[in-house]
Amino acid sequence: DYSQRGIIVIGDSNVGKTCLTYRFCGGTFLKNPEATIGVDFRERTLELDGESIKLQIWDTAGQERFRKSMVEHYYRSVHAVIFVYDVTSLSSFESVPEWIEECSRHCVGPLVPRIMVGNKCDLRDRREVPTTAAQCLADSYNFPLFETSAKEPGEKEHVDAIFLTLAYRLKSHKQLRMNGNGGGWG
Ligand SMILES: Nc1nc2c(ncn2[C@@H]2O[C@H](COP(=O)(O)OP(=O)(O)OP(=O)(O)O)[C@@H](O)[C@H]2O)c(=O)[nH]1
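Within any chain, residue numbers begin from 1 and follow the written order of that chain's sequence. Side-chain atom pairs in this predicted model are given and counted only at pLDDT of 80 or more, local residue features only at pLDDT of at least 70, and totals for whole chains, interfaces and linings cover all residues. Heavy atoms from the whole structure form the basis of all side-chain values; hydrogens and water molecules are not counted.

Side note on the sheet that holds strand E3 (residues 51–60)
Only when DSSP finds a minimum of two bridges between them are two strands counted as paired. Secondary structure elements are defined from DSSP: runs of H or I of at least 4 residues count as helices, runs of E of at least 2 residues count as strands, and each element is numbered from the N terminus. Taken together, six strands build an open sheet; the order of strands is E2-E3-E1-E4-E5-E6 and the sheet is mixed. The sheet is open, and its two edges are formed by strand E2 (39–48) and strand E6 (145–147), each paired on a single side. Taking each pair of neighbouring strands and ignoring which way they run, the sheet shows an average axis angle of 25°. Summarising the sheet, strand E1 (residues 4–10) and strand E4 (residues 80–86) pair through four bridges and their orientation is parallel. Counted as the bridge partner of Val9 is Ile82 from E4. Across the sheet, helix H5 (residues 96–105) is in contact with E1, E4 and strand E5 (114–119); its angle to E4 comes to roughly 160°. To define axes, lines are fitted to C-alpha atoms, for helices over the stretch in contact only, and angles between the resulting N-to-C directions are given on a 0 to 180 degree scale. Should any heavy atoms of two residues lie within 4.5 Å, those residues are counted as being in contact.

As structure tokens, this is what we get:
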């Protein structure tokens, strides 16, 4: 069923996965998020060229003790992955390769679209991760990179655009598959 697509959102605790997905699905900035336990579900239906696609977003716990085996189940049926880090936390950026590794360990196929998102860009004077370093890492994996803020109201359209990009990618995937091809990024 191509009208429903599952997107898993992963990354260290506190990078803003809940706030980003809430911004996209709920339209506002969630003021006091609690640490996610296991997986939280959000969804939003988009119209792409007159066709609707329901994005089911799986916001996962960043804290190891809250992940347990719950997250593993979702890796099996995922259609796209969003790796989130916090631009004010170098350690969250340095964890990205580990999250990518975890994805591979759970057999997420190479053709599943993946993107990298640096969040909290509104905290300009606390930035620890330069765009150039992030772009370099993203390029090495051939993932698109986006930098944004779940908090800044002016970034709302940009957050939408990030998910929209992924939705279009999933749609083109569908067309490629129907034509009998694979279809990764590029
Ligand atoms: N300044 C700023 N703060 C943010 C932004 N996004 C999230 N936060 C704050 O960062 C903290 C963590 O946000 P969450 O969305 O709960 O982070 P998470 O990645 O879901 O954390 P886990 O559930 O533990 O994995 C909260 O205090 C948010 O208010 C942002 O874009 N800018």
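Considerations on the pattern of salt bridges
Basic side-chain nitrogens of Lys or Arg form a salt bridge, by our definition, when they fall within 4 Å of a carboxyl oxygen of Asp or Glu. Throughout the structure, instances matching the rule amount to nine salt bridges. Residue Asp59 pairs with Arg42 through a salt bridge whose shortest N-O separation is 3.0 Å. Here Asp59 is found in strand E3, whereas its partner Arg42 is found in strand E2, with 17 residues between them in sequence. Overall, the relative accessible area of 16% leaves Arg42 in the buried class. Between Arg124 and Glu152 there is a salt bridge whose closest N-O contact spans 3.3 Å. Taken together, the residues span a long stretch of sequence, with Arg124 in the loop between E5 and helix H6 (131–141) and Glu152 in the loop between E6 and helix H7 (156–178) at a distance of 28 residues. Relative accessibility under 20% of the residue-type maximum defines a buried residue, over 50% an exposed one, and the middle range a partly exposed one, all with a 1.4 Å probe and only protein chains included.

Some remarks on the nonpolar core
Only buried residues count toward a nonpolar core. Its members are Ala, Val, Leu, Ile, Met, Phe, Trp, Tyr and Cys residues joined through side-chain atoms within 4.5 Å. By size, the foremost hydrophobic cluster in this structure holds 27 residues, and its most contacted members are Ile8, Ile10, Val81, Phe83, Tyr85 and Met116. Listed by contribution, the elements that provide at least two residues to this core are E1, helix H3 (70–75), E4, H5 and H6. It is H5 that contributes the most residues to this core, four residues altogether. Among all residues touching Ile8, those that are not within four sequence positions of it are Trp58, Thr60, Val71, Tyr74, Tyr75, Val78, Ala80, Val81 and Ile82. Within the second largest apolar cluster, 24 residues are counted, among which are Leu46, Ile57, Ile162 and Ala167.

Observations concerning the side chain of Glu147
With respect to the helices and strands, Glu147 occurs in strand E6. Under the relative-accessibility criterion, Glu147 is labelled buried at 19%. Residues within four places of Glu147 in sequence aside, it is in contact with Tyr85, Val87, Gly118, Cys121, Arg127, Thr131, Glu155 and His158.

Comments concerning the site of the ligand
One heavy atom within 4 Å of a molecule or strand is enough for the residue carrying it to be called near that molecule or strand. In the vicinity of the ligand, 22 residues are found, and the nearest of them are Ser13, Lys17, Thr36, Gly62 and Asp122. We define a polar contact as two N or O atoms separated by no more than 3.5 Å, with the added condition that, inside protein, one atom must be a possible hydrogen donor and the other a possible acceptor, whereas residues neighbouring each other in sequence contribute only through side-chain atom pairs. Backbone polar atom of Gly16 to an oxygen atom of the ligand: 3.0 Å apart, as the coordinates give it. Within the complex, the protein chains bury 88% of what would otherwise be the 660 Å² of accessible surface of the ligand. Among the elements that line the shell around the ligand, the one with the most residues is helix H1 (residues 17–26), at three residues. All accessible-area figures derive from a Shrake-Rupley calculation using a 1.4 Å probe, and residue coverage is judged against the displayed protein chains alone.

Describing H5
Within the span of H5, buried status applies to Val96, Trp99, Ile100, Glu102 and Cys103. Around the axis of H5, the buried residues are gathered within 155° of arc, so they sit on the same side. In H5, those exposed residues whose orientation departs by more than 90 degrees from the buried face are Glu98 and Arg105. At the exit of H5 stands Cys107, carrying a positive phi of roughly 65°. Note that the arc is computed from the directions linking the helix axis to the C-beta atoms.

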